[in-house]
Structures are given as structure tokens and as C-alpha cells.
Amino acid sequence: MIPFADPHAQVVELRGEIDAAIARVLDRGRYVLGDEVRAFESEFASWLGTGWSVGVGNGTDAIHVALRALGIGPGDEVILPSLTASATGAAVLQAGATPVFADVDPVHRTIDPIAVEGLVTPRTKAIIAVHLYGQACDMDSLLEIRRRTGVHLVEDCAQAHGARYRGRKVGTFGILSCFSFYPTKNLGAIGDGGAVAGSDPALLEKVGLLREYGWKERYHSSHEGWNTRLDELQAAILRVKLPHLDADNSRRRAISDRYDAALAGSGLALPVRRCAAEHVFHLYVVESDARAGFASHLAAAGVGTLIHYPLGIHQQSHFAPFAPSDGLLATERLTGRILSLPMFPQLSACDQDRVVEAVLSFTGQHQET
């Protein structure tokens, strides 16, 4: 079976460096918020192009802490796309704010600025730009909305480490940016991990307080806070992987280029790259009107797939109280059609050929629209 994703393949590729990093942590004897976390925070901020980053326990906590650092809580509204992982919405609820779901651009599948424009109210305190599947949002339009309204712009970069918009890496546009290091991400740990990044040192200092009980001094909570710390082992492994990230993203783009060329005549709707942006293909997502049969056919051919996502957040029962009364047409159409094909840097040319052959053997028998 060709896996949909294979984080273990990168571990095998970098095993010597990873083993040395783990040994370094074990030998040092400091396992939480030590030298490895501090070094990774500095190296990640330097790679990203922000002044600071703060490691946290996971990507959901990164969004939650970012919102709380901005003073967002009960009574406030946060606009976000419905076509994203439910974690984004969960973080808004965790902050005590009200999620307001926006539709997406059906071509690029990221949050639609026109939809956002119509949702801003006096209670709106933030817009979350989710750079979905590795594709940058329309940042020009979102920045213009921020300029006119004064609403905070927060970036969810969980699927877009290294993606660019007009030459700038995503994560450098908003007041704060949030990252996940879940193992399958473009930059993944071997467990959970996350980070908040930004260029305002006072704001990042507040993020640092929020991640550990509000401590400026140990055992003295001078501020509200929680326990959401990036541990030393994960930080050490991320330090090994970070220097390889740009090359791995190039490998993802090469695989996507090969898929594009081979599947151009398949009748499937293929990913559309935004002009002036550089996609990093965390996921390679196609659309089919016959998705169930398509996925079953690929599984029988030994090709793993997943759906990102089978429901918009507004369609999920926990979020039903916040669902717009008239639905979100583009999101609801996409969730019935999208399917993610295998995509990871170590995917061999032979396996890429097998994926393409399996896809074409299905689409040759079915008329796609």
C-alpha cells in the first residue's frame, strides 16, 4: 500500500542526526523548556523572518494562546474559514470567542475575502487566514480589510511552512502566526508541537507567559496562563529537520508538477496555484464527482487517500450553534468532491507512477466534471 503520508520515511532518512539530537537531550538531563527549545525558537524565527517565536504544545494551542495574547475572549467574534481542520474552530471556542464561518474561494480553496468583508461587525476582533493545503491566502485583500477595519489578522500556517506570497513567507503578514509540528506537517516533530511567531517582542513575551501558568518567575503566576510547552526532545528533532525543510518543500513541488502533467487530461479538478504565490503542497487535493468510487478504486489499487475535509466546521454537530443559516455553498460543494492523493517528500518516482496509473485507470472509465 502506498501511504497517503509517511513521516517515518523522513525519520529513516535523517536517523543519524535525529539519534544524535535525542542523545544530546538525554545526556543533558533537561527535558522541558531548556536549551533546545530556546535554540529552536531562535532558529525558527530566523528562518521564518520574524523577530521571535515561542514554542507551545501543539498547533491548536498556538491559535488559542495567540488569540488570548491579543485580548480576545468572551463577547468577541473571530472570522475563520469553515474549510479547515476543526482544530481552528476549537481554538476559537477555547479562547471563549464566537467563531464566525466564512466561505472559501472555490478555485484556490482558501478563505474568500469578499465573504470576510460581509461578516465584519463591531464585535469582530480577528480574522484567521488559514493557508490551506500549503497554499497562501489572498493576503493583499485580507491586509486591506485589516487596514480599513483595524481587525487583527492572525495566520494559521499549520499546513504551509515555507509557503510564500509575493516573495514573503506566510507567517510574516499577520500580527501573530501559528504553526503546528504534527508529524505529517511539512515541518513535523515525532509527536505534538507548535509555535506562535511574530515581530512584536512585548506580544511574544505575553505568549510566553500564557504558555506556562503566567510565570515571569518560577512558581509565581503574575498573569493568567496554561501548560502548553514544547518539550526538549521535540525541539531537538525539529532543529534537525528545519535545515532540510526548504529542500523537502522543493521535492513536494516536483511531485505536484509531475501529478499535474500526468493528470492534466484526466477530467479531475487539480490544484490551482495562486498567482504571485509559492505553494508548498502539504496536500495534493483533487476533486471528483464520483469520490466514493474513486477512493475505493484507489484503495483496491494499493493507493492510500484521505479527505481534507469531509465536512466544513459549520456542518459539524458541535459547531451547529454557529452555522450560518444560508450555508456556505463553495465549502459544501468542495467537501463532497475533494480527495487527497499521496504526498510526502520521500514518495518515490515508482510510487508516483503507480498513483498516476491508478488514477487514470479510474478516470478513463468515468466522465469527470
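Definitions and cut-offs
- Position labels on residues start from 1 in each chain and follow its written sequence.
- In view of the model being predicted, local features appear only for residues whose pLDDT reaches at least 70, and side-chain atom pairs are presented and counted only at 80 or more, with totals across whole chains, interfaces and linings using the full set of residues.
- As a rule here, side-chain values cover all heavy atoms of the structure and leave hydrogens and water aside.
- Numbered from the N terminus, helices here are DSSP runs of H or I no shorter than four residues, and strands are runs of E no shorter than two.
- Take the residue count of a helix, subtract one, and multiply by 1.5 Å to get its expected span.
- Three labels apply to residues, based on accessible area from a 1.4 Å probe with only protein chains included: buried if under 20% of the type maximum, exposed if over 50%, partly exposed otherwise in between.
- A pair of strands is considered paired only if DSSP assigns at least 2 bridges between the two.
- By convention, a crossover is right-handed whenever its connection, traced from the first strand over the helix to the second and viewed with the strands pointing away, goes clockwise.
- Here, a salt bridge means any side-chain nitrogen of Lys or Arg that lies within 4 Å of a carboxyl oxygen of Asp or Glu.

(A) Focus on helix α3 (residues 35-48). Here α3 spans 20 Å end to end across 14 residues, near enough to the 20 Å set by a 1.5 Å rise per residue. Considered for burial, the residues of α3 that qualify are Glu36, Val37, Ala39, Phe40, Glu41, Phe44, Ala45, Trp47 and Leu48. Of the residues trailing α3, Gly49 is marked for its positive phi of about 100°.

(B) Local environment of the pairing of strand β4 (residues 124-130). With six of seven residues buried, β4 lies mostly within the body of the structure. Note that strand β2 (residues 77-81) and β4 share three bridges and pair parallel. Paired with Val78 across the two strands is Ala126, which belongs to β4. The sheet contact formed by β4 and strand β5 (residues 152-156) spans five bridges and is parallel. Within β5, the residue paired with Ala126 across the bridge is His152. Taken together, β4, helix α7 (residues 139-149) and β5 constitute a β-α-β crossover, and its handedness is right-handed.

(C) Geometry of the pattern of salt bridges. Tallying each qualifying case throughout the model produces 26 salt bridges. Linking Lys125 and Asp76 is a salt bridge whose minimum nitrogen-to-oxygen distance equals 3.6 Å. Taken together, the residues span a long stretch of sequence, with Lys125 in strand β4 and Asp76 in the loop between α4 (59-69) and β2 at a distance of 49 residues. For Lys125, a relative accessible area of 31% corresponds to the partly exposed category. By relative accessible area, which is 12% here, Asp76 ends up buried. Across the pair Glu212 and Arg229 runs a salt bridge whose closest N-O atoms are separated by 2.8 Å. Placement of Glu212 in the loop between α8 (201-210) and β10 (215-217) and of Arg229 in the loop between β11 (220-221) and α9 (232-241) is noted, with a sequence separation of 17 residues between them. The class of Arg229 is partly exposed, set by a relative accessible area of 26%.

(D) Summary view of the pairing of strand β9 (residues 194-198). With five of five residues buried, β9 lies mostly within the body of the structure. Here five bridges tie strand β1 (residues 52-56) to β9, and the two strands are oriented antiparallel to one another. Within the sheet, the bridge partner assigned to Trp52 lies in β9 and is Gly198. As judged from the four bridges shared by strand β8 (residues 176-180) and β9, these two strands associate in the antiparallel manner. Across the sheet, Ser177 pairs through a bridge with Ala197, a residue of β9.

Function cannot be read off these values alone, since they describe shape.
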